[in-house]
Amino acid sequence: MKDVLLQKIENRSIVVGVIGMGYVGLPLAIAFARSGIKVVGFDIDPDKIQKINSGISYFKHIPSKLLKEATNENKLTASTDFADIRYVDAVIMCVPTPLNQFREPDLSYVINTIQSILPYIRSGQVVSLESTTYPGTTEEELLTRIESRGFKVGEDFFLIYSPEREDPGNPNFSTSTIPKVVGGTTKSCLDVGVALYGNIIEKVIPLSSTKAAELTKLLENIYRSVNIGLVNEMKMIADKMEIDIWEVIDAAATKPFGFTPFYPGPGLGGHCIPIDPFYLTWKAKEYGISTKFIELSGEINTKMPEWVVQKVIDGLNDNERSLKNSNVLVIGLAYKKNIDDVRESPSVELMEQLRKKGANIFYSDPYVPHFPKMRDYKFDLSSLDITKENLTLMDCVIISTNHDDVDYDLILKHSKLIVDTRGVYRKNYMNVIKA
Ligand SMILES: NC(=O)c1ccc[n+]([C@@H]2O[C@H](COP(=O)([O-])OP(=O)(O)OC[C@H]3O[C@@H](n4cnc5c(N)ncnc54)[C@H](O)[C@@H]3O)[C@@H](O)[C@H]2O)c1
């Protein structure tokens, strides 16, 4: 089985199925198609499937042209019919791994996916999980289920975990240039996994187990969360000491070794950094260990919107205004610059807190024309154009996300008060508060 699969990978006759056509799955499917490999994208969302088959991208940072090239040559097709899994040789799962209401891992998407494809899994396939999760998931949730069909791992099928490291909107890296970590359940699984990803990715890093690969991804994201928490705490200290944290970070970053700059902001956002660390917190309890760094950075980062609100209140107070009935414009709804993803965005939490205190809320984001449907927040708003007239109507403008495509000079010129959480304005201006 292994040799047949390796042969198919080598001569590129392998057919790949990617399940979950979201931020991770869609670029991955396009990367396989661009390398000349036939790909079928699967999703439970018929709208996404229809758009893919029509060559229309639903992400602003992925041009439709790229998608069209893949679909035109018929290298990429999409389907909602999981029975088609029997026609693919590689199954790659990129479905969500959120937290539930108790902030515990919610593996229901992974489990639903494996349950729905289980009847169609056949011998000779490789199954790869890419969703971020705690160590042990691949073997506890996938291995046992696939083996229940009577297949033997490493012989009849091959199981790997390979975490996704996609950084949407980052112009310096794409799916194929980001090195990829792969762990296999057996040595044969690993060999197949390395060959599979080696087809589209410049550098593949083999690890000794799926667990090591699962923990690698969590370490990367916990490292970011902890360092962002640290720099947010430093920001609050520097503020009290009347020191400009941005000047300090820029200076520290001149050290050629031993320091990596992280930047403060209005809080953590996105599907990864605010969520993934708590996958380890939950699993670590099974081993009697409490994850103190994770909890602490989570606590500091979650407090950030509150800190920004206080800065807004103070700034308005200095202008003899109260927050109640003030017009507040939030620049940037997405959780980070140059993308349209608003999941867990601190901008939204900020808007909610300000609204609760009686402010009239507006937002402007070139990537998010209308306030999207969200589980915990509801605003009936569309993105406001940044014009002199609109800016003069505002009592306060908050720079929450620093998209490149925003006229910051115009904002500076016509705003009474700016609360800048992203270090857009490095010099000191009368109307700018660094927060
Ligand atoms: N977004 C990122 O930048 C990023 C980066 C690295 C890792 N990850 C991880 O990758 C995984 C996917 O994240 P994402 O951002 O692509 O999520 P997403 O929400 O953008 O996409 C997930 C897709 O899966 C589909 N889906 C849900 N259940 C399904 C099922 N049972 N069968 C088929 N399709 C199903 C959804 O309709 C959606 O289109 C998560 O584990 C995430 O933590 C995300």
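Rules behind the numbers
Residues numbered from 1 in each chain as written. Predicted model: local features only at pLDDT ≥ 70, side-chain atom pairs only at ≥ 80, totals over all residues. Heavy atoms only, no water. Near = heavy atom within 4 Å. Polar contact = N/O pair within 3.5 Å; in protein donor to acceptor, adjacent residues only side chain to side chain. Areas by Shrake-Rupley, 256 points an atom, 1.4 Å probe, with all protein chains shown as cover. Domains from an automatic or database assignment. Contact = heavy atoms within 4.5 Å. Buried area = accessible area lost by both parts, 1.4 Å probe. Salt bridge = Lys/Arg side-chain N within 4 Å of Asp/Glu carboxyl O. Nonpolar A, V, L, I, M, F, W, Y, C, P; charged D, E, K, R; others polar. Core = buried A, V, L, I, M, F, W, Y, C linked by side-chain atoms within 4.5 Å. Buried < 20%, exposed > 50% of the residue type's maximum accessible area, 1.4 Å probe, protein only. Helix = DSSP H or I, 4+ residues; strand = E, 2+ residues; numbered from the N terminus. Pairing = 2+ DSSP bridges. Axes fitted to C-alpha atoms, helices over the stretch in contact; angles between N-to-C directions. 1 Å grid on protein atoms, 1.4 Å probe; cavity = no way out; pocket = protein on both sides within 12 Å on 5 of 7 lines; lining within 4 Å. Points joined across faces, edges and corners; volume = space filled by probe spheres on them. Phe/Tyr/Trp six-rings, centres within 6.5 Å; stacked < 30°, edge-to-face > 60°.

1. A few points about the site of the ligand
Lining the immediate surroundings of the ligand are 26 residues, of which Val24, Asp43, Lys48, Thr97 and Arg343 lie closest. Between Val95 and the ligand, the recorded distance is 3.5 Å, taken from a backbone N or O atom to an oxygen atom. Between an oxygen atom of the ligand and a main-chain N or O atom of Thr132, the distance comes to 3.0 Å. For the ligand, whose free accessible area comes to 830 Å², the fraction covered by protein is 92%.

2. Comments concerning the domain arrangement of the protein
It is common to give the size of an interface as the accessible area that goes away when the parts come together. Structurally, the protein comprises domain 1 (2-212) and domain 2 (249-434). Each side of the interface is counted separately: domain 1 has 22 residues, and domain 2 has 17 residues. For the pairing of domain 1 and domain 2, the buried interface totals around 1700 Å² over both sides, and the portion due to carbon and sulfur atoms is 56%. There are 2 salt bridges connecting domain 1 and domain 2. The salt bridge involving Glu140 is made with Lys283; its shortest N-O contact spans 3.3 Å. Summed over the shared surface of domain 1 and domain 2, the result is 9 residue pairs in polar contact (both at pLDDT 80 or more). Here the residues of the side of domain 1 that touches domain 2 sort into 11 nonpolar, 5 polar and 6 charged.

3. Looking at the nonpolar core
In this structure, Val16, Ile19, Leu26, Phe32, Leu76, Ile146 and Leu196 are the most contacted members of the largest nonpolar core, which totals 77 residues. A per-element tally of this core places helix α2 (residues 25-34) first, with 7 residues. Of the domains in this structure, domain 1 (2-212) and domain 2 (249-434) are the two that each give at least three residues to this core. Those residues in contact with Leu76, other than ones at most four positions away along the chain, are Ala29, Ile30, Ala33, Val39, Gly41, Ile52, Leu67, Ala70 and Thr71. Membership of the second largest hydrophobic core comes to 30 residues, among which are Trp307, Val348, Met351 and Ile361.

4. Observations regarding the sheet that holds strand β5 (residues 125-129)
Pairing in this open sheet of 8 strands is mixed, and the strands run β3-β2-β1-β4-β5-β6-β7-β8 from one edge to the other. Whereas interior strands pair on both sides, the edge strands pair on one side only; in this sheet they are β3 (76-79) and β8 (204-207). Neighbour to neighbour, the strand axes of the sheet diverge by 25° on average, direction disregarded. Bridging between strand β6 (residues 157-161) and strand β7 (residues 180-184) involves 2 bridges; their strand directions are antiparallel. Looking at the pairing, Tyr161 lines up with Gly183 of β7.

5. Focus: empty space enclosed by the protein
This structure, assessed with the given rule, holds 1 cavity of 30 Å³ or more. If you add up the space inside the largest cavity, you get close to 50 Å³. Lining the largest cavity we find Pro163, Glu164, Arg165, Thr175, Ile178, Pro179, Lys180 and Ile201. Each residue belonging to the lining of the largest cavity can be placed in one class, and the counts come to 4 nonpolar, 1 polar and 3 charged.

6. Some details on the pattern of salt bridges
Considering all chains together, one arrives at 22 salt bridges under this definition. A salt bridge links Lys8 to Asp89; the shortest N-O distance between them is 2.8 Å. Placement of Lys8 in helix α1 (residues 2-10) and of Asp89 in the loop between β3 and β4 (90-93) is noted, with a sequence separation of 81 residues between them. With its nearest N and O atoms 2.9 Å apart, the salt bridge here joins Arg343 to Asp341. Overall, the relative accessible area of 3% leaves Asp341 in the buried class.

7. Some remarks on the environment of Leu333
Tracing the chain through its elements places Leu333 in the loop between β9 (327-331) and α12 (346-356). Taking the C-alpha atoms as reference points, Leu333 and Lys255, 78 residues apart in sequence, are found 33 Å from one another. When sequence neighbours within four positions are dropped, the list of residues in contact with Leu333 reads Val342, Ser345, Ser347, Val348, Met351, Tyr363, Asp365, Val368, Phe371, Pro372 and Thr401.

8. Some thoughts on unusual backbone geometry
If you check the backbone angles, Arg12 has positive phi at about 60° while not being a glycine. Topologically, Arg12 is positioned in the loop between α1 and β1 (15-19). In this structure, Glu242 takes a positive phi of about 55° despite not being glycine. Mapped onto the elements, Glu242 comes out in the loop between α8 (210-240) and α9 (245-252).

9. Digging into the packing of aromatic side chains
Under the criterion given, the structure shown has 11 aromatic pairs. Ring geometry for Phe371 versus Phe379: centroids 5.1 Å apart, planes at 50°, classification tilted. When its relative accessible area of 7% is taken as the criterion, Phe379 is described as buried. Centroid distance Tyr408 to Tyr425: 6.4 Å. Interplanar angle 80°. Geometry classified as edge-to-face.

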